[in-house]
Amino acid sequence: MSVKPVLVQNEIHPYYQDTEVVDYIHSQGIVVQAWYPLGGRGYQTELLSDPVLKRIAEAHGKSVVQVILRWHYQRRVVAIPGSSNPAHIAENIDIFDFILTDQEMADIAALNRDEKHDWY
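Calculation notes
Residues numbered from 1 in each chain as written. Predicted model: local features only at pLDDT ≥ 70, side-chain atom pairs only at ≥ 80, totals over all residues. Heavy atoms only, no water. Helix = DSSP H or I, 4+ residues; strand = E, 2+ residues; numbered from the N terminus. Rg over C-alpha atoms; globule rule 2.2 N^0.38 Å. Contact = heavy atoms within 4.5 Å. Areas by Shrake-Rupley, 256 points an atom, 1.4 Å probe, with all protein chains shown as cover. Lys, Arg positive; Asp, Glu negative; His and termini not counted. Charge placed at Lys NZ, Arg CZ, Asp CG, Glu CD. Core = buried A, V, L, I, M, F, W, Y, C linked by side-chain atoms within 4.5 Å. Buried < 20%, exposed > 50% of the residue type's maximum accessible area, 1.4 Å probe, protein only. Pairing = 2+ DSSP bridges. Axes fitted to C-alpha atoms, helices over the stretch in contact; angles between N-to-C directions.

How should the overall build of the chain be read in this particular structure?
Counting secondary structure elements, the chain contains six helices and three strands. Secondary structure elements of the chain, listed N to C terminal, follow the sequence β-α-β-α-α-α-β-α-α. Taking 120 residues into account, the globule formula puts the C-alpha radius of gyration at 14 Å, and the chain, at 14 Å, falls close to it. Principal-axis analysis of the C-alpha atoms places the extent of the chain at approximately 50 × 35 × 30 Å. Look at the contacts in the chain between residues 6 or more apart in sequence, and 75% of them connect residues 24 or more apart. Carbon and sulfur atoms make up 56% of the accessible area of the chain, which totals about 7,100 Å². Between the averaged position of the 10 positive side-chain charges in the chain and that of its 16 negative side-chain charges there is a distance of 4 Å.

Sorry if this is basic, but what is going on with the nonpolar core here?
Proteins that are soluble and globular tend to have nonpolar side chains buried together. In terms of nonpolar packing, the biggest core is built from 25 residues, with Ile 12, Leu 53, Val 67, Leu 100 and Ile 108 touching the most fellow members. Elements with a contribution of two residues or more to this core: helix H1 (19-27), strand E2 (31-35), helix H3 (51-60), helix H4 (64-74) and helix H6 (102-109).

How do you make sense of the pairing of strand E1 (residues 7-11) when you look at a structure like this?
Sheet analysis places E1 next to E2, joined by five bridges and oriented parallel. If you follow Val 8 over to E2, its bridge partner there is Val 32.

What should I look at first to understand the sheet that holds E1 in this one?
Strand pairs in the sheet, formed through backbone hydrogen bonds, run parallel or antiparallel to each other. With parallel pairing, the three strands of this open sheet are ordered in space as E1-E2-E3. Looking along the sheet, the strands with just one partner apiece sit at the ends: E1 and strand E3 (77-79). Strand-to-strand twist in this sheet, taken as the mean axis angle between neighbours without regard to direction, amounts to 35°. Both E2 and E3 contribute to a ladder of three bridges, which runs parallel.

Is there a simple way to explain the environment of Leu 111 in this structure?
By the element assignment, Leu 111 lies in the segment after H6. For the pair formed by Leu 111 and His 88, sequence separation is 23 residues and the distance between their alpha carbons is 24 Å. Beyond its immediate chain neighbours, meaning those up to four positions away, Leu 111 contacts Pro 14, Tyr 15, Gln 17, Asp 50, Val 52 and Leu 53.

Shape is all these values report; function is a separate question.
Shown next, in the form of structure tokens:
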């Protein structure tokens, strides 16, 4: 007897998008959850300073973190950023009052480097 998983967790962030895998998992009716949705420990500084993400954030009056979380949401990827800081938690949930355009989604897609930050 085989049981189909309902969720697969995979490293996914703008520098490692794994689009073919995400699309395949979705095609199987399985939810994808992002591991390191904001780039992972030790790698966030560069990602959160990325000029493309900063430009998009400024256009929407949002933070880069909010843009990344919205990008995950629009790709149907579950992202659960960890934080114990109440201000960060409030910021993280405040992503439902804007939509990234097709061009902005394409601009973020172009950031992919196939750069994994955790080898497991």
